[in-house]
Amino acid sequence: MAKENIDTKKIEEVPVIAGISQLTTGQFDAQVLYEINEPILLEQEGFEVNLIKPRDYGINFYADTLFTTEKMIKERPEAVRAFVQATIKGWESALANPTEAIDEVMLMNNTLDREHQTKFFELSVPLINAGGKIGYSDKNVWESIQEMLLNQEIMKNRVEIDKVFTNDFLD
């Protein structure tokens with residue numbers, strides 16, 4: 001909002017409970033949502049959805065991120081590598097076989113809605129492949145994230161980016 005010079009004093013912030021019920025009952029006009037989940041639910045319930053995506057305004061944050069401790073990397077680097085590699089392999093398999101991937105999800109929880117899961121998966125694909133290589137992080141993006149968090153006073157102290165992220169376990 002600061003980037004777009006929006007006067008936040010004109011916005012009433014209210015506590016949010018998980019889910020979409022506050023939107024569907026008109027308790028408020030907008031909500032921070034996971035773009036590949038709740039909008040599908042809203043559309044399935046007949047609501048028109050207007051997404052305001054931060055990346056459309058030059059705000060690029062990583063979403064699903066794997067993390068561990070320095071101790072784990074130092075003491076068990078092969079376990080870290082195996083976990084990262086298994087995660088990548090899982091995504092590659094899902095991307096190559098989306099129907100099979102959705103079937104597996106439905107087996108794990110048959111109360112889920114297949115149509116929702118299919119749309120969720122379809123919307124996930126460009127986000128998963130956004131960096132060109134699954135799991136790849138760009139140092140410049142992390143630096144940009146840090147600058148924004150510092151400017152918004154969400155983060156108090158600068159960190160050395162090279163000490164808090166790595167792509168070393170991707171291969």
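Residues numbered from 1 in each chain as written. Predicted model: local features only at pLDDT ≥ 70, side-chain atom pairs only at ≥ 80, totals over all residues. Heavy atoms only, no water.

## Quick look at the overall build of the chain
In step 1: Of the regular secondary structure elements, the chain holds eight helices and zero strands.
In step 2: Scanning the chain from its N terminus toward the C terminus, one meets helices and strands in the order α-α-α-α-α-α-α-α.
In step 3: By its C-alpha atoms, the chain is 50 × 45 × 25 Å across when sized along the principal axes.
In step 4: When each of the 171 residues of the chain is scored for burial, the buried share is 19%.
In step 5: Restricting the contact set of the chain to residue pairs at least 6 apart, pairs at least 24 apart contribute 52%.
In step 6: As displayed, the chain offers around 13100 Å² of accessible surface, 53% of which is attributable to carbon and sulfur atoms. (Helix = DSSP H or I, 4+ residues; strand = E, 2+ residues; numbered from the N terminus. Buried < 20%, exposed > 50% of the residue type's maximum accessible area, 1.4 Å probe, protein only. Contact = heavy atoms within 4.5 Å. Areas by Shrake-Rupley, 256 points an atom, 1.4 Å probe, with all protein chains shown as cover.)

## Quick word on the pattern of salt bridges
In step 1: Across all of its chains, the model carries nine salt bridges by this definition.
In step 2: Ionic pairing is found between glutamate 147 and arginine 158, a salt bridge with its closest N-O pair at 2.3 Å. Taken together, the positions of glutamate 147 in helix H7 (residues 139-151) and arginine 158 in the loop between H7 and helix H8 (161-164) put the pair 11 residues apart, joining distant regions of the chain.
In step 3: Since its relative accessible area comes to 33%, glutamate 147 is described here as partly exposed.
In step 4: Classification of arginine 158 as exposed rests on a relative accessible area of 53%.
In step 5: One network of salt bridges, in which partners are shared, links Glu35, Lys53 and Arg55. (Salt bridge = Lys/Arg side-chain N within 4 Å of Asp/Glu carboxyl O.)

## Digging into H7
In step 1: Across its 13 residues, H7 extends 18 Å between first and last C-alpha, which sits within 8% of the 18 Å expected from 1.5 Å per residue.
In step 2: Elements in contact with the buried residues of H7: H8.
In step 3: The backbone nitrogen of asparagine 140 has a side-chain oxygen 2.6 Å away, supplied by the residue at the start of H7, namely aspartate 138.
In step 4: Positive backbone phi, at 60 degrees, marks glutamate 153, one or two positions downstream of H7. (Expected span 1.5 Å × (residues − 1). Polar contact = N/O pair within 3.5 Å; in protein donor to acceptor, adjacent residues only side chain to side chain.)

## Some thoughts on the side chain of glutamine 31
In step 1: Following the sequence through the fold, glutamine 31 ends up in the loop between helix H1 (21-24) and helix H2 (38-44).
In step 2: Within polar-contact distance, the side chain of glutamine 31 engages the backbone oxygen of glycine 19 at 3.1 Å.
In step 3: Setting aside its immediate chain neighbours within four residues, glutamine 31 contacts Val16, Ile17, Gly19 and Leu23.

## Examining the environment of threonine 8
In step 1: The topology assignment puts threonine 8 in the segment before H1.
In step 2: Note: C-alpha distance between threonine 8 and glutamate 122 (114 residues apart in sequence) is 34 Å.

## Structural notes on the packing of aromatic side chains
In step 1: Going through the model one piece at a time under the given rule, you end up with three aromatic pairs.
In step 2: A ring pair is formed by tyrosine 62 and tryptophan 142, whose centres lie 5.1 Å apart and whose planes are at 45 degrees; its orientation type is tilted. Here the residue tyrosine 62 occupies a position in the loop between H2 and helix H3 (70-75), and tryptophan 142 occupies one in helix H7, the gap between them amounting to 80 residues.
In step 3: Taking relative accessible area as the criterion, tryptophan 142 reaches 21% and is therefore assigned partly exposed.
In step 4: Ring geometry for tryptophan 142 and phenylalanine 165: centres 6.4 Å apart, planes at 40 degrees, overall tilted. (Phe/Tyr/Trp six-rings, centres within 6.5 Å; stacked < 30°, edge-to-face > 60°.)

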